[in-house]
Amino acid sequence: MTPSSIALLFVAMTVIWISFALVLIMSERVKQSFYADDDEPDDFDPKNPRYRPPTQPLEVFHALDGKRLGYRQYRCANKDAPLLIFIHGSTNYSGLYEPLAKLIVNSGAAHVILPDLRGHGPDFARRGIASYVGQLEDDIAGLIRTARSPNQSVILGGHSLGGGFAIRFAAGKHRNMIERVFLIAPYLNTRAPTNRPYAGGFIRVLYRRIVGLAMLGVPKLFGLSELPVVQFNFSKIYHQFARSWLSTDRYNFAMTMSFGPRQRWRQDIRNLPPFLLVIGDQDQAFYADQYEPVMSQLTDQGRYVVLPDVNHVDASLDQRTVQAFQDFLQRTNQPNVAKPKRQLV
């Protein structure tokens, strides 16, 4: 073949590749999707203390890109207590976990910080949007630098997808900023044995759009990088409630890939430091009885607690969760001395 024919073939193949990717991207669109009236999730109750307005005001720190991000801070009487940074679940914001923060602070177990992840809470302009994969980890690393006291032990916790993020962070480049992990009903992976299909119907994944964007390297051209690739199904009553309560109903590619363990999720679990995992046996999104069999094959660092007659949301409100957290801290308590750096396996 002549050089010109090779060049033409290359151009043609490039056009076909881009065209096919664009077809995949545009062939799926976000739907105005709700649960049916007679199939509303039974864990939503506006009278639940979790859904009351938070009493603690937002404070602000500056992320690496200069963006102002919010967090709520709860201090306990024990000034030498460790610092727990607890990450909210998908669609949520920091205020929904204030009851848990107050229970922990009142127990004297830890100081607590509840951040609003980028694209959540009052971040109305770029709701559900991250700029690159890994940006959430960089944000939380910046928060730790801002909030921790010298030599203070740091625990990273999270509920649901927030728990998955805690696993990701603990196995990533900032892993040596934390010593322990506190997980409540954590997301591991869509293919993990712990996962109910589509989180019990809560999630709709736009797979063709994800593949198309990946083929193009998630370009920022024409705003393609900000297109939603995941959306969340709300009941009508929750959707109306959530509009005024800063909830988020869709994520772009970078947010989706940043908010949870990596695709090699087993490797992330192998690299966890000591951790506590609490889940209710009535969890609607995950199979509670699968966590210990799956994770204990990968690491011996975990302690597992299954709460009877508790669902996905209420596991983050139960006094027994706080008691398990206190017991975990006592079992893993270490003096405030320099810790050896953890190496990835």
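Basis of the calculations
Residues numbered from 1 in each chain as written. Predicted model: local features only at pLDDT ≥ 70, side-chain atom pairs only at ≥ 80, totals over all residues. Heavy atoms only, no water. Helix = DSSP H or I, 4+ residues; strand = E, 2+ residues; numbered from the N terminus. Buried < 20%, exposed > 50% of the residue type's maximum accessible area, 1.4 Å probe, protein only. Contact = heavy atoms within 4.5 Å. Patch = residues over 30% accessible without salt bridge, like charges linked within 9 Å, V, L, I, M, F, W, Y side chains within 5 Å. Areas by Shrake-Rupley, 256 points an atom, 1.4 Å probe, with all protein chains shown as cover. Salt bridge = Lys/Arg side-chain N within 4 Å of Asp/Glu carboxyl O. Polar contact = N/O pair within 3.5 Å; in protein donor to acceptor, adjacent residues only side chain to side chain. Pairing = 2+ DSSP bridges. Axes fitted to C-alpha atoms, helices over the stretch in contact; angles between N-to-C directions. Parallel < 35°, antiparallel > 145°, perpendicular 65-115°, else oblique. Left-handed = near helix turned anticlockwise from the far one by under 90°. Nonpolar A, V, L, I, M, F, W, Y, C, P; charged D, E, K, R; others polar. Core = buried A, V, L, I, M, F, W, Y, C linked by side-chain atoms within 4.5 Å. pLDDT = per-residue confidence, 0-100.

This part is about the overall build of the protein chain. Secondary structure assignment for the protein chain yields eleven helices and eleven strands. The buried share of the protein chain, reckoned over its 345 residues, is 55%. Considering only contacts within the protein chain whose residues lie at least 6 apart along the sequence, 79% involve residues at least 24 apart.

Our next topic: the side chain of Ser160. For Ser160, the position within the fold is in the loop between strand 5 (154–159) and helix 4 (161–170). By relative accessible area, Ser160 is classed as buried at 11%. Not counting residues within four places of it along the chain, the set of residues in contact with Ser160 comprises Gly89, Ile184, Ala185, Pro186, Tyr187, Phe286 and His312.

This paragraph deals with a nonpolar patch on the surface. Together, Met1, Ile6, Leu9, Met13 and Ile16 line one region of the surface with nonpolar side chains, adding up to about 560 Å² of accessible area. Structurally, Ile6 can be placed in helix 1 (residues 3–26).

Right, let's get into the environment of Arg118. Inspection of the secondary structure puts Arg118 in the loop between strand 4 (111–115) and helix 3 (135–147). C-alpha separation for the pair Arg118 and Gln135, spaced 17 residues apart in sequence, amounts to 8.6 Å. Within the local environment of Arg118, its side chain forms a polar contact with the side chain of Asp65, the two groups lying 2.9 Å apart.

The three strands are arranged 7-8-9 in an open sheet whose pairing can be described as antiparallel. Edge positions in the open sheet fall to strand 7 (203–205) and strand 9 (250–252), since each of these has one partner strand only. Neighbour to neighbour, the strand axes of the sheet diverge by 20° on average, direction disregarded. With three bridges joining them, strand 7 and strand 8 (residues 228–232) adopt antiparallel strand pairing. Counted as the bridge partner of Arg204 is Gln231 from strand 8. This element, helix 6 (residues 207–215), spans strand 7 and strand 8 of the sheet and lies at about 155° to strand 8.

Before going further, it helps to examine the packing of helix 1 against helix 6. For the pair helix 1 and helix 6, interaxial distance at closest approach is 7 Å and the crossing angle is 150°. With respect to helix 6, the element helix 1 is oriented roughly antiparallel. Crossing geometry of helix 1 relative to helix 6 is assigned as left-handed. Two secondary-structure elements touch here, helix 1 through Trp17, Phe20, Ala21, Leu24 and Ile25 and helix 6 through Arg208, Arg209, Val211, Gly212, Leu213 and Met215. Of the residues in the contact of helix 1 with helix 6, the class split is eight nonpolar, one polar and two charged.

Let's shift gears to the nonpolar core. Soluble, globular proteins show a tendency: their nonpolar side chains are buried together. Judged by nonpolar contacts, the single largest core of 89 residues is most densely connected at Leu84, Ile104, Ile140, Phe182, Phe259, Met295 and Phe325. Those residues in contact with Ile104 that lie beyond four places of it in its chain are Leu84, Ala109, Ala110, Val112, Phe182, Val322 and Phe325.

With that out of the way, let us pick up the confidence of the model for the protein chain. Of the residues in the protein chain, 85% have a pLDDT of 70 or more, and the chain-wide mean is 86. Throughout residues 36–42 the model reports pLDDT below 50, and contacts reaching past four residues in sequence, or to other chains, amount to seven contacts.

With that out of the way, let us pick up unusual backbone geometry. A positive phi angle, close to 65°, is found at Asn151, a residue other than glycine. Mapped onto the elements of the fold, Asn151 is located in the loop between helix 3 and strand 5.

Another aspect to go through is the pattern of salt bridges. By the definition in use, this model includes twelve salt bridges. A salt bridge links Arg118 to Asp139; the shortest N-O distance between them is 2.8 Å. Pair noted here: Arg118 is in the loop between strand 4 and helix 3 and Asp139 is in helix 3, with a separation of 21 residues, a long-range link. For Asp139, a relative accessible area of 4% gives the class buried. Arg168 is the partner of Glu137 in a salt bridge, and the nearest nitrogen-oxygen pair spans 2.7 Å. Placement of Glu137 in helix 3 and of Arg168 in helix 4 is noted, with a sequence separation of 31 residues between them. With a relative accessible area of 5%, Glu137 lands in the buried category. According to the relative accessible area criterion, Arg168 is buried, its value standing at 5%. Shared partners join several salt bridges into a network, and the residues in it are Glu137, Arg168, Arg262 and Asp268.

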